[in-house]
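These are the residues of each chain, in order.
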Amino acid sequence: MATRGSKSPDPEQTPEQPNPAVVRTQQYSAGEGWEVGQTAPSDAFRALDAGGTGAPTGPVVHSHPGGIARQIVAKGGLVTEGVKRELDAAEESEQGDSEQG
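Cut-offs applied
- Residues numbered from 1 in each chain as written.
- Predicted model: local features only at pLDDT ≥ 70, side-chain atom pairs only at ≥ 80, totals over all residues.
- Heavy atoms only, no water.
- Pairing = 2+ DSSP bridges.
- Helix = DSSP H or I, 4+ residues; strand = E, 2+ residues; numbered from the N terminus.
- Axes fitted to C-alpha atoms, helices over the stretch in contact; angles between N-to-C directions.
- 1 Å grid on protein atoms, 1.4 Å probe; cavity = no way out; pocket = protein on both sides within 12 Å on 5 of 7 lines; lining within 4 Å.
- Points joined across faces, edges and corners; volume = space filled by probe spheres on them.
- Nonpolar A, V, L, I, M, F, W, Y, C, P; charged D, E, K, R; others polar.
- Core = buried A, V, L, I, M, F, W, Y, C linked by side-chain atoms within 4.5 Å.
- Buried < 20%, exposed > 50% of the residue type's maximum accessible area, 1.4 Å probe, protein only.
- Contact = heavy atoms within 4.5 Å.
- Polar contact = N/O pair within 3.5 Å; in protein donor to acceptor, adjacent residues only side chain to side chain.
- Salt bridge = Lys/Arg side-chain N within 4 Å of Asp/Glu carboxyl O.

### Quick word on the sheet that holds strand E1 (residues 44-48)
Then step 1. Spatially, three strands are ordered E2-E1-E3 in an open sheet, and the strand pairing comes out antiparallel. Edge positions in the open sheet fall to strand E2 (56-61) and strand E3 (69-73), since each of these has one partner strand only. Across the sheet, the axes of successive neighbouring strands diverge by a mean angle of 25°, strand direction being ignored.
Then step 2. Bridge count for E1 against E2 is three bridges, and the pairing is antiparallel. Along E2, the bridge assignment pairs Leu 48 with Pro 56.

### Notes on the layout of surface pockets
Think of a ball as big as a water molecule: rolled over the atoms, this probe shows where empty space is left.
Then step 1. Of the volumes computed, that of the largest pocket is approximately 190 Å³.
Then step 2. Around the largest pocket sit Trp 34, Val 60, His 62, Lys 84, Leu 87, Asp 88, Ala 90, Glu 91 and Glu 94, which together line it.
Then step 3. Residue contributions to the lining of the largest pocket peak at six residues, all from helix H1 (residues 81-100).
Then step 4. Of the residues assigned to the lining of the largest pocket, the class counts are four nonpolar, one polar and four charged.

### Some details on the nonpolar core
Then step 1. Ala 40, Ala 44, Ile 72, Val 73, Val 79, Val 83 and Leu 87 together form the largest nonpolar core, which totals seven residues.
Then step 2. Looking at this core, the elements that each hand over two or more residues are E3 and H1.
Then step 3. Each residue touching Ala 44, except ones within four places of it in the same chain, is listed here: Trp 34, Val 60, Val 61, His 62, Arg 70, Gln 71, Ile 72, Val 73 and Leu 87.

### Some remarks on the environment of Thr 53
Then step 1. Turning to its location among the elements, Thr 53 is positioned in the loop between E1 and E2.
Then step 2. Reaching out from Thr 53, the side chain makes a polar contact with the side chain of Asp 49 at a distance of 2.6 Å.
Then step 3. Separated by 3.3 Å, the side chain of Thr 53 and the backbone nitrogen of Ala 55 make a polar contact.

### Overview of the pattern of salt bridges
Then step 1. All told, the structure shown has three salt bridges when counted by the stated rule.
Then step 2. We note a salt bridge from Asp 88 to Lys 84, for which the minimum N-O separation is 3.4 Å. Pair noted here: Asp 88 and Lys 84 are both in helix H1, with a separation of four residues, about one helical turn.
Then step 3. One network of salt bridges, in which partners are shared, links Glu 35, Lys 84 and Asp 88.

### A few points about the pairing of E1
Then step 1. Within E1, four of the five residues are buried, leaving the element largely enclosed by the surrounding structure.
Then step 2. Pairing of E1 with E3 involves four bridges; the strand directions are antiparallel. By the bridge assignment for E3, Arg 46 is matched with Arg 70.

By themselves, these observations are geometric and do not establish any function.
Printed below as a string of structure tokens:
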């Protein structure tokens with residue numbers, strides 16, 4: 001009596017059908033903008049107090065303001081939670097200044 005052998009290859013050796021658990025998903029960037037996870041559309045700087053405290057002062061500008069300044073994010077950089085927090089803080093301080101004046 002002849003024995004019948006299995007001619008089908010092991011599932012691990014089938015190149016036509018990759019294991020779905022191993023296939024990476026496509027990741028898409030969130031585009032350009034100032035929200036967390038997006039790519040910054042331009043540089044963002046904020047002047048620092050020249051009086052020696054080093055506290056951020058003035059609005060966020062998109063080119064170096066001269067003097068002492070901090071670069072918050074570079075053009076093409078990832079907007080992180082820290083970057084967003086600094087941008088929001090600058091916006092809040094500007095609104096507070098305009099309400100007082």
